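Structure assessment
Below are the chains, spelled out letter by letter.
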Amino acid sequence: LAWAGLEGFQFHNFRESNQYRKSLLQLMKSKQYLLEVDRCLGRSWFCLLPLENLAEFLSEGHINILDTLVGTFYRLKEIRVCHLTHKPVQELLQTLLNIMDLPSKREREQDAL
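Residues numbered from 1 in each chain as written. Predicted model: local features only at pLDDT ≥ 70, side-chain atom pairs only at ≥ 80, totals over all residues. Heavy atoms only, no water.

Tallied over the full model, the rule gives 0 disulfides. With no disulfide partner, C47 has as its closest neighbouring cysteine sulfur the one in C40, 8.9 Å distant. Residue C47 is classed as buried on the basis of its relative accessible area of 3%. (Disulfide = S-S within 2.5 Å. Buried < 20%, exposed > 50% of the residue type's maximum accessible area, 1.4 Å probe, protein only.)

Given below as structure tokens:
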């Protein structure tokens with residue numbers, strides 16, 4: 001996936017591996033300062049995380065909104081929603097709605113002052 005700088009890397013198997021699921025998000029959180037240096041890194045992390053961790057990762061707000069939307073498009077394009085993926089997809093979409101609403105909430109709060 002050229003968008004994330006992962007061309008030629010078989011990250012689908014890595015993402016679904018139970019071996020790294022729990023520790024990967026924690027590692028990314030501890031290294032989030034690296035996202036300020038390399039925009040492509042956030043895209044790569046987005047692709048590497050399992051679906052179940054995406055909402056939490058995005059709620060941290062370290063990836064720009066355009067990358068968030070494009071990454072979500074690519075991820076949902078490859079997912080078949082079923083009883084196993086329903087909840088993570090719903091959480092991801094709710095997080096996106098919350099992220100998209102943040103600027104308007106800030107504007108309303110400033111107008112109230």
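With that out of the way, let us pick up the nonpolar core. By size, the foremost hydrophobic cluster in this structure holds 17 residues, and its most contacted members are M28, W45, L49, L54, F57 and L58. Elements represented by at least two residues in this core include exactly α2 (21-30), α3 (39-48), α4 (51-59) and α6 (86-112). When near neighbours in sequence (up to four residues on either side) are disregarded, M28 contacts W45, L48, L49 and F57. (Core = buried A, V, L, I, M, F, W, Y, C linked by side-chain atoms within 4.5 Å. Helix = DSSP H or I, 4+ residues; strand = E, 2+ residues; numbered from the N terminus. Contact = heavy atoms within 4.5 Å.)

A word on the environment of L35. Structurally, the position occupied by L35 is in the loop between α2 and α3. For L35 and W45, which are 10 residues apart along the polypeptide, the C-alpha to C-alpha distance reads 9.7 Å. Apart from residues lying up to four places away in sequence, L35 is in contact with L41, G42, W45 and H62.

Moving on, we get to the packing of aromatic side chains. Enumeration according to the criterion identifies 2 aromatic pairs in this entry. Look at F73 and Y74: their rings are 5.7 Å apart centre to centre, the planes differ by 55°, and that puts the pair in the tilted class. (Phe/Tyr/Trp six-rings, centres within 6.5 Å; stacked < 30°, edge-to-face > 60°.)

By themselves, these are just geometric observations and shouldn't be taken as functional.
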